[in-house]
Amino acid sequence: MEPLNDTLFPLDTQDTAAGLAAALAPAAATGHFDELRGYDLPPPGAESAHDDKEALCEDAPVASAQSQSQSQSQSQSQSQSQNAAPGISSTWSDFFEHLGSAGFDDLDRRTQSLQRQVRDNGITYNVYADADGPQRPWSVDLFPLILSQNDWAHIEHGVQQRARLLDRVMADVYGPQALLRQGLLPSALVQGHPGYLRALHGVKPVGGNHLHIAAFDMARDAQGNWWVVTQRTQAPSGLGYLLENRLLISRLFPEAFSQMHVQRLAATYRALLDGLRQMSPAGQDARIVLLTPGPYNETYFEHAYLARYLGLTLVEGNDLTVRDDHLYLKTLHGLQPVHGILKRLDDEFLDPLELRSDSRLGVPGLLQAIRAGNVLVSNAPGSAFLESSALLGFMPALSRHLLGEELVLPALPTWWCGEQAALQAVLPELADSVIRPTWPLAQRAPVLGGALSPQALKEWAQRIEAQGDEYTVQAYLPLSQMPTWRTDQRGSHISPRSVMLRVFAVCDGPDSWRVLPGGLARIANDDREITSMQRGGSSADVWVLTDGHVDKTTLLAHNQNAPAVVHRSRRVTSRAAENLFWLGRYTERTENVTRLARIAIQCLNGEDQSSQPLLTWLSAMAVSQGLVLSTVPPAAQARRVFERSLIAGLTNTAQLTSVGYNLQGIMGAASAVRDRLSQEHWNLIVGAEAEFFAARPGATEDADYSPLEALRQLEALSGRTAAMTGQQTDRMTRDDGWRLLSIGRHLERLGFLAATLESGLQTGAVSDESGFEAMLGLFDSTITFHAQYQQRRDMPALLDLLVIDRDNPRSLAWVAQTLRGRIAKIEAAAGTPGESAVVGIPDASDLSLTALCAQDAAGQYVALGQYLHRCVQGVQGLSDVLATRYFTHSADALRHSVGA
């Protein structure tokens, strides 16, 4: 490891890890609270940032509801005075003393291990229009943010109070609206907010609570006081990512985590789940689902991870349907009632019938089911107005009115410019403030007044004066800075970075709240104090210390005397079933077209270049499977042109359904069912796609078309797809979802192999020695054939192995028999009425080798040709039947209505 920093203190005076950290860690920037040392370094001769905000608050002649909002809490005692000798706080000292014998020398290795775990676990945070692609690895720092017991007690008390207050505010707004009539809340901020849902006014939520999860973004000022900056209530993100952060960091620092008495998280998640069940219409037997926008949402990983951790079914909008004012989950076994939704979707997309008509993410009729009291939604739709920064200025007066209490945890001084008094008071302070949009539809990012030129400030002041209600001004607060571990051109070193803390409150029963003892720390990536993950920020685990007992509750059943568990099959949603079905089909297609492309390139560059039947057959197969365009001259006419087109088309996903297209199909289907795949399986899929497109053999017309390089890439991909097959065959539970995946694979295999043999007969390739060998290769049966039949090259031997042999998993009889068996089992489990879907798949039990080998006067294999044609036709019809019965439930939908 390179030297950490040789400019602060001589290292020979430091004999402990904590002492070394104190010597090597730069102090926080001037005016910022130093989390490592527990104090700030204010600018010489300047008043503290806290005093400046107090003066700003007290001198501002704003309307009474807002002016009351600016009362602040008393400053907390600090662990060290500002005149103390340079050192670090006791909590951080404990942390560094538990680094182990290698101390700082081991931090680079731990950083590498952390990054590898993030990659191996597939933790991503999607960034729209990111140049690096839609999926970016999650960023987490090596060091946690450590909070003392005293700090946490203050935060916990304040957050609980604010969560209760927000729920009371929402209950009034959607109920008697006394706050609006009494002027405690401006009606423009509520009824003028696009997130206020008039359709739900007067609707009492199931269980009594409107809110079940609330998140508060907090920052610490230079004196160490915590301030609320924003509040999130629609679908707060972070509950899944902070769990992953905890698992990652606690494993990297096991001794520190154990010895420092860090509070655990599982008990709060259990309380949330128990509370949702308790308040749902069906009580403890409720079926609760987690509603996600889908795999292209930036936090989809979190949705899948959280659903798996809590044991909830992960669903998208089209997994659900409303029938007679009740919500149902579409599964292979029909419609199953749903009693609760943990939504990760903004309200406006929930119901295209009553909200955004262009939404494809929601459930038509959901609001009607909510009005009927048949489903609990967490959080209840309509909470978006609570997220407006303008509301922070009115919370103190609302607390006194609704709770009879002063707010324990203050918010940053905030002024809604829709009130004239507030507008006039804040305009002179724009240079020291943050300008925020009042409404979310404004699509404007917050603007830091201190970063604007005098001319820009003047323009902003004019803009705010003209449209005051669209802007909210908030006092600027320099964020506290925590130590982070960085590696750059200077080597590895401790670097202070600005941090913002997100804390979560969850409802564990009617009007009862608890605070998750931890949170999600978001770290700025540079000196601009931008902690947004969308704009390059990082994250950190949050350790809350306690002097008392550490609650080690888990989500595992803890009653040792509980009766034996009754086996319950996992319900498979229709969407998941369809994606698993297509995951199987795309995996099989990728194997097939990869093998076809390899054989074609080998034949075009081997000793078989003069075999006209072989070249004609390969050309026909390449066109039918989408490897080349139909306008490309066949190999028999222009071998070199055909080969160049085939190689160039491997990654052409716009015009062809070649290898690259099917790889993307695997990725798309797997993304939609990621919660059902093992991490190894997912990594194989991601790695296969990334490696294949990175190589891009023959991707452009100007490229050097190298058949050898193309073969290398195809062989590497064959290894990847073989590993995927192993994962799908041996690493997945044999439930109905797996059966659909297997049906997809065998359906695709039967269609491809039957079409391959049919084309080989029509072109005469099977009668050619080279074509005979290529046919065995496409059936992946070369070794087996030569082991059983030695040097024979006749049709009876070929058909016995490739068509009739029940022990060969690549024979048509084996594939058809397996396919029929899988379908029969699903139909029996689902109680599917009517004719079986397998009627179109020919039964191979009566196949006779003599009949298949019989030729007519023209030398045609009539019986064989008929059987192959029935296989191809049966596959096409079976796909449609499965979609109607199990994926769309289209026949069932006609018998029900959504309406009120």
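You'll find the structure just up there.
So, here's what we can say about the structure. Given the structure is predicted, the values throughout are model-derived calculations rather than measurements. Residue numbers restart at each chain and count upward from 1, following the sequence in its written direction. Local features in this predicted model are restricted to residues of pLDDT 70 or higher, and side-chain atom pairs are both shown and tallied only at a pLDDT of 80 or more, whereas totals for entire chains, interfaces and linings draw on every residue. Note: side-chain values were computed over all heavy atoms of the structure, leaving out hydrogens and water.

### A word on the packing of helix α17 (residues 574-604) against helix α19 (residues 639-648)
The relative placement of two packed helices is expressed as an angle between their axes plus a distance between the axes. Note on geometry: axes are C-alpha line fits, over the in-contact stretch for helices, and angles between N-to-C directions span 0 to 180 degrees. Labels follow the DSSP assignment, with helices taken as runs of H or I lasting at least four residues and strands as runs of E lasting at least two, numbered in each case from the N terminus. Between α17 and α19, the shortest axis-to-axis distance is 11 Å and the interhelical angle comes to 150°. Between α17 and α19, the angle falls in the class roughly antiparallel. The two elements α17 and α19 meet at a crossing, and its hand is left-handed. Taken together, the residues of α19 that come into contact with α17 (itself represented by Ala597, Ala600, Ile601 and Leu604) are Arg639, Phe642, Glu643, Leu646 and Ile647. Broken down by class, the residue content of the contact of α17 with α19 amounts to seven nonpolar, no polar and two charged. Our angle categories are set so that under 35 degrees counts as roughly parallel, over 145 as roughly antiparallel, 65 to 115 as roughly perpendicular, and the remainder as oblique. We call a crossing left-handed when the near helix sits turned anticlockwise from the far one by less than a right angle, and right-handed when that turn is clockwise. Whether two residues are in contact is decided by their heavy atoms, any of which lying within 4.5 Å being enough. Side-chain classes are defined by residue name, with Ala, Val, Leu, Ile, Met, Phe, Trp, Tyr, Cys and Pro counting as nonpolar, Asp, Glu, Lys and Arg as charged, and the others, Gly among them, as polar.

### Structural notes on the sheet that holds strand β9 (residues 326-331)
A pair of strands is considered paired only if DSSP assigns at least 2 bridges between the two. Strand order in the open sheet made by the three strands is β8-β9-β10, with antiparallel pairing throughout. Two strands close off the open sheet at either side, each with one partner strand: β8 (320-323) and β10 (334-337). Adjacent strand axes in the sheet meet at a mean angle of 45°, parallel and antiparallel pairs treated alike. In the sheet, β9 pairs with β10 via four bridges, with the strands oriented antiparallel.

### A closer look at helix α1 (residues 17-24)
Each residue gets one of three labels from its accessible area relative to the maximum for its type: buried under 20%, exposed over 50%, partly exposed in between, using a 1.4 Å probe on protein chains only. The element α1 is largely enclosed, with a buried count of eight among its eight residues. Inspection of α1 places Ala17, Ala18, Gly19, Leu20, Ala21, Ala22, Ala23 and Leu24 among the buried residues, and these make up the whole buried set. Where the residues of α1 are buried, they touch α4 (90-97) and β18 (491-509).

### As for the pattern of salt bridges
The term salt bridge refers to a side-chain nitrogen of Lys or Arg lying within 4 Å of a carboxyl oxygen of Asp or Glu. Across all of its chains, the model carries 33 salt bridges by this definition. Between Arg356 and Glu348 there is a salt bridge, with the nearest N and O atoms lying 3.5 Å from each other. Residue classification places Arg356 among the partly exposed residues on the basis of a relative accessible area of 33%. Notably, a salt bridge pairs Arg749 with Glu588, separated by 3.1 Å at the nearest N-O pair. Highlighted residues: Arg749 in helix α23 (residues 736-763) and Glu588 in helix α17, separated in sequence by 161 residues. Taken as a pair, Arg749 and Glu588 share a single burial class, namely buried.

Function cannot be read off these values alone, since they describe shape.
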